[in-house]
Amino acid sequence: MEIRKKFSPTNWFFVAGLCGILLTLLWFSFITPQPKNIRFIHPDLDSTDQAPSTVYHRPHQDGLYWLNFDTEPMLVAPKRLHLRTFNCVHQLSTSHGEWNFPSNQNIVCNNKDGVVLRNTASILSQPTTWYIAGSTSGGNYGVILDVDWTEWPFALGLTVLMISLGLAVYGKLPTMQNPERVAVMIFLAGAFFLRFWFVFIMSSPQMSLFSDMGMYFDRGWELDRGIYHTTQTFQPIGYTLLSLWVRHLGGFPLLNWLQVFLSWGVVFLIFLMVRERFGKIAGLISLLIASTHIPLAALASMHMAEMTYAFLITFTLWCLLKVLKRQTLTGFFIIGFLLAFAFYFKGNHAFFIPAFSLWLLYRDRKNLSAAFLKVSMLAVGCLIVMIPHVVWTGIHYDKPQLGPTAGALNFVEGKCPSKDNRDSRGARWMSPLFGVLGERTFKKWPRPFTDQAYFWKEGFKCIEENPAVLLSSFRYIYYLFAGNTLWPIAETPMKTWYYPWEIFFLYGLLPFALIGALSLSRKKDSFTEVAALMMLTLFFTVWFFKSENRFRVPFDAIIIVWSSAGLAWALEKVKVWVLEKPKPSSLPLEVIKASSPT
């Protein structure tokens, strides 16, 4: 009886939906060809065996390249494939014969939609080696062997996936009337499809292996081969390891699905928070905004940490909403664990951890022993994550590390005149923000970027020489919202979607977020204070270091919560005004007679 009570019909819906999602992902892995034993011969005739991808990035090389890879025999083989090309492909053949490949450069060069390969089922049903010859003028070169989602095995899989997702969501939705439930399901289905379209159709993470995205990828390739050097921990190591593990499990297709579900999960969590805090109207508004939130949807198509980080920050906020209500020690332990775990993906919330601890102590100052116990559990949760990182880095690198080593260079970038920096090893670093602003002062440093002690000293020297930089650094708060584009989305096919959204964000969403934040500030509830504290510590972080538009996007859950509350408040005021407006029937009789036709 106990089990039956716990497992209500909605829970069974959730379990059935979850099983359906997992089975569908297994089905997709079964019917999607995945290249193995990838080998590149580069324009300089250097070769790479067991390459991790069929796309390679060498920005300063041009000339001919050769690529070959194997595909294993498939029981259910696609009849059509799309060969997405990077730079140019001039010749394609397989171990079963030559392919009649087009020669038109408009078709075979940088064709992100893909050259259509027909009648591929017979080739894919047996072991096949693919041979490709092409040319590059620098940047990415190679191909992606993509599927046609209109073929019945893939269309069927998508249909089952959407039904399974609907069941899982139905099982986790709060109690609501059927019309609201239908609207929520439609919005969530639309949000999922938009993210699927961005990641699988428009621009997959495999298509963005340059700059930061390429570095995450290259570090994973090195770690997979037992190569360790200190530059691997220059940025947080979390996404490098996550991407590596997921691609080991199911290749780039599984990583793509992970990105889709993380981005969609942010939408669902935002809705749950707003629905619980502010009710039905605000919940639907938040769902509309979050579903069409182009930056969060588009970042899913990038091989970078921001999407996972955005999910972790939003999930932490959702957990905070629950923990601040229940005040359980286990809850504070989970919050500490999540905050530390997120730190190893991006560190923009680092100052929130001590600030939140101080806020807890101040709020519960009348019962300090209980407050210290909560903060202690928070610290234990952090240490559970941080200690393995310290041990792992101590084993593989020159010394144990609490976190990434990029902080000191970021401090120098924000406080020193030099914005285009090169270190003693030849590594070069320049924030996209300063490229947009035209601040390109170059400096070559005598130490590697990983020498944190040296760069911290140099940053403080710059402050001593020009104390006014502490005032001018407040501009970085402005650059979180405006004055620069969302890199690297502005360099991808999603830019056509992003720029209209940016205008809506600046002139539509932000004003209502400000209204919502001001109206909520009067209520003095814990969750509102903590959300404001997280935004304030983000402002402090970018003032202390530097800023970019993409530093804000993972925290946009807070802005969406506030703007939804602001819009719901505005709609309520309009509703009251309309209802209180005098109706003709309520006017005096002589006024009605005077206004009626003769």
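Everything numeric here is computed off the predicted structure, so don't read it as measured data.

Glancing now at the overall build of the protein. Secondary structure summary: the protein contains 24 helices and 13 strands in total. The C-alpha radius of gyration computed for the protein amounts to 27 Å, which stays within 12% of the reference 25 Å derived for 598 residues, consistent with globular compactness. Structurally, the protein occupies a C-alpha span of about 90 × 70 × 65 Å along its principal axes. Of all 598 residues assigned to the protein, the portion counted as buried reaches 53%. Counting contacts in the protein only where the partners sit at least 6 residues apart, residues at least 24 apart contribute 76% of the total. Summing over all exposed atoms, the protein offers an accessible surface of approximately 27,700 Å²; the carbon and sulfur share of this is 65%. The averaged location of the 38 negative side-chain charges in the protein is 9 Å from the averaged location of its 53 positive side-chain charges.

In this model helix α23 (residues 556–580) runs 36 Å from its N-terminal to its C-terminal C-alpha over 25 residues, within 8% of the 36 Å that 1.5 Å per residue would give. Of all the residues in α23, the buried ones are Asp556, Ala557, Ile558, Ile559, Ile560, Val561, Trp562, Ser563, Ser564, Ala565, Gly566 and Ala568. In this structure, the buried residues of α23 make contact with α8 (238–278), α9 (280–291), α11 (306–326), α20 (495–521), α21 (526–544) and α22 (549–552).

A word on the nonpolar core. Core analysis: the biggest nonpolar cluster contains 152 residues, and Phe28, Phe101, Leu117, Trp130, Trp149, Trp257 and Phe356 have the highest contact counts within it. The dominant element in this core, judged by the number of residues it contributes, is α8, at 17 residues. For Phe28, the contacting residues outside a window of four places in its chain are Trp149, Phe154, Gly157, Leu158, Leu161 and Trp257. In this structure, Phe234, Val412, Phe455 and Cys462 belong to the second largest nonpolar core, which totals 11 residues.

The next point concerns the packing of aromatic side chains. Inspection of the entire model under this criterion finds 61 aromatic pairs. Centroid distance Tyr56 to Tyr141: 6.3 Å. Interplanar angle 35°. Geometry classified as tilted. Here Tyr141 lies in strand β10 (residues 139–147) and Tyr56 lies in strand β3 (residues 55–58), a separation of 85 residues in the sequence. For Tyr141, a relative accessible area of 0% translates into the label buried.

Attention now moves to the sheet that holds strand β11 (residues 420–422). Here three strands make up an open sheet; going across it, the order is β12-β11-β13 and the pairing mixed. The open sheet has two edge strands, β12 (428–429) and β13 (442–444), and neither has a second partner. In the sheet, β11 pairs with β12 via two bridges, with the strands oriented antiparallel. Each bridged residue has a counterpart across the sheet, and for Arg422 the counterpart in β12 is Arg428.

With that settled, consider the pairing of strand β1 (residues 36–41). The sheet contact formed by β1 and strand β4 (residues 63–71) spans four bridges and is antiparallel. Looking across to β4, one finds that Lys36 is bridged to Asp70. Examined bridge by bridge, β1 and strand β2 (residues 47–51) share four bridges and lie antiparallel to one another. Across the sheet, residue Arg39 finds its bridge partner in β2, namely Asp49. Between the antiparallel neighbours β1 and β2 lie five residues, among them Leu45 with a positive phi of about 70°.

Assignment of secondary structure puts Lys546 in the loop between α21 and α22. We classify Lys546 as buried; its relative accessible area is 5%. For Lys546, the side chain forms a polar contact with the side chain of Glu413, separated by 2.6 Å. Other than its neighbours up to four places away in sequence, Lys546 contacts Asn410, Glu413, Gly414, Trp429, Ser431, Phe434, Tyr476, Thr541 and Phe551.

Taken as a whole and judged by the stated rule, the model has 22 salt bridges. A salt bridge links Glu276 to Lys325; its shortest N-O distance comes to 2.6 Å. Note that Glu276 is positioned in helix α8 and Lys325 in helix α11, a separation of 49 residues in sequence. Assessed through its relative accessible area of 30%, Glu276 is described here as partly exposed. The class for Lys325 is exposed, based on a relative accessible area of 56%. Glu548 is paired through a salt bridge with Arg550; the nearest N and O atoms lie 2.7 Å apart.

Hydrogen bonds between backbone atoms are what pair the strands of a sheet, whose relative direction is either parallel or antiparallel. Across the sheet, which stays open at both edges, the six strands sit in the order β2-β1-β4-β9-β6-β7 with antiparallel pairing between neighbours. Both outer strands of the open sheet, β2 and β7 (97–98), are each paired with one neighbouring strand and no more.

Here we come to unusual backbone geometry. That bond from Trp487 to Pro488 is cis: its omega, 0°, falls within 30 degrees of zero. Looking at where Pro488 falls in the secondary structure, it is placed in the loop between α19 (475–479) and α20. Here the phi dihedral of Leu45 falls at roughly 70°; this positive angle occurs in a residue that is not glycine. With respect to the helices and strands, Leu45 occurs in the loop between β1 and β2. Unusually for a residue other than glycine, Gln50 sits at a positive phi of about 50°. Its location among the elements puts Gln50 in strand β2.

With that settled, consider the environment of Thr85. Secondary-structure assignment places Thr85 in strand β5 (residues 80–86). Sequence separation between Thr85 and Leu145 is 60 residues; the distance between their C-alpha atoms is 9.1 Å. Looking at Thr85, its side chain comes within polar contact range of the main-chain oxygen of Val108, at 3.2 Å.

Glancing now at the packing of helix α5 (residues 152–172) against helix α6 (residues 178–202). Look at α5 against α6: their axes get within 11 Å of each other, and the N-to-C directions meet at 135°. By the criterion of interaxial angle, the relationship of α5 to α6 is oblique. For the pair α5 and α6, the crossing hand works out as right-handed. Residues Leu158, Leu161, Met162, Leu165, Gly166, Val169 and Tyr170 of α5 pack against Arg181, Met185, Leu188, Ala189, Phe192 and Phe196 of α6.

Here the focus is a nonpolar patch on the surface. Judged by side-chain polarity, Phe337, Phe341, Val380 and Ile384 come together as a nonpolar surface patch covering roughly 310 Å² of accessible area. Where the nonpolar patch is concerned, the elements lending two or more residues are α12 (329–343) and α14 (368–396).

Here we come to the state of the cysteines. The tally for this structure, following the rule as stated, stands at two disulfides. Across the disulfide, Cys416 is cross-linked to Cys462 (sulfur-sulfur distance 2.0 Å). Measuring the twist about the S-S bond at about 100°, one finds the Cys416-Cys462 disulfide to be right-handed. Linking Cys416 in the loop between α15 (407–415) and β11 with Cys462 in helix α17 (residues 452–465), this pair joins segments that are 46 residues apart in sequence. In this structure, Cys416 and Cys462 share a single accessibility class: buried. Going through the protein in sequence order and numbering each bonded cysteine, the pairs you get are 1-2, 3-4. With no disulfide of its own, Cys319 lies closest to Cys382 among cysteine sulfurs, the gap being 14 Å.

How each quantity is defined
Residues numbered from 1 in each chain as written. Predicted model: local features only at pLDDT ≥ 70, side-chain atom pairs only at ≥ 80, totals over all residues. Heavy atoms only, no water. Helix = DSSP H or I, 4+ residues; strand = E, 2+ residues; numbered from the N terminus. Rg over C-alpha atoms; globule rule 2.2 N^0.38 Å. Buried < 20%, exposed > 50% of the residue type's maximum accessible area, 1.4 Å probe, protein only. Contact = heavy atoms within 4.5 Å. Areas by Shrake-Rupley, 256 points an atom, 1.4 Å probe, with all protein chains shown as cover. Lys, Arg positive; Asp, Glu negative; His and termini not counted. Charge placed at Lys NZ, Arg CZ, Asp CG, Glu CD. Expected span 1.5 Å × (residues − 1). Core = buried A, V, L, I, M, F, W, Y, C linked by side-chain atoms within 4.5 Å. Phe/Tyr/Trp six-rings, centres within 6.5 Å; stacked < 30°, edge-to-face > 60°. Pairing = 2+ DSSP bridges. Polar contact = N/O pair within 3.5 Å; in protein donor to acceptor, adjacent residues only side chain to side chain. Salt bridge = Lys/Arg side-chain N within 4 Å of Asp/Glu carboxyl O. Axes fitted to C-alpha atoms, helices over the stretch in contact; angles between N-to-C directions. Parallel < 35°, antiparallel > 145°, perpendicular 65-115°, else oblique. Left-handed = near helix turned anticlockwise from the far one by under 90°. Patch = residues over 30% accessible without salt bridge, like charges linked within 9 Å, V, L, I, M, F, W, Y side chains within 5 Å. Disulfide = S-S within 2.5 Å.

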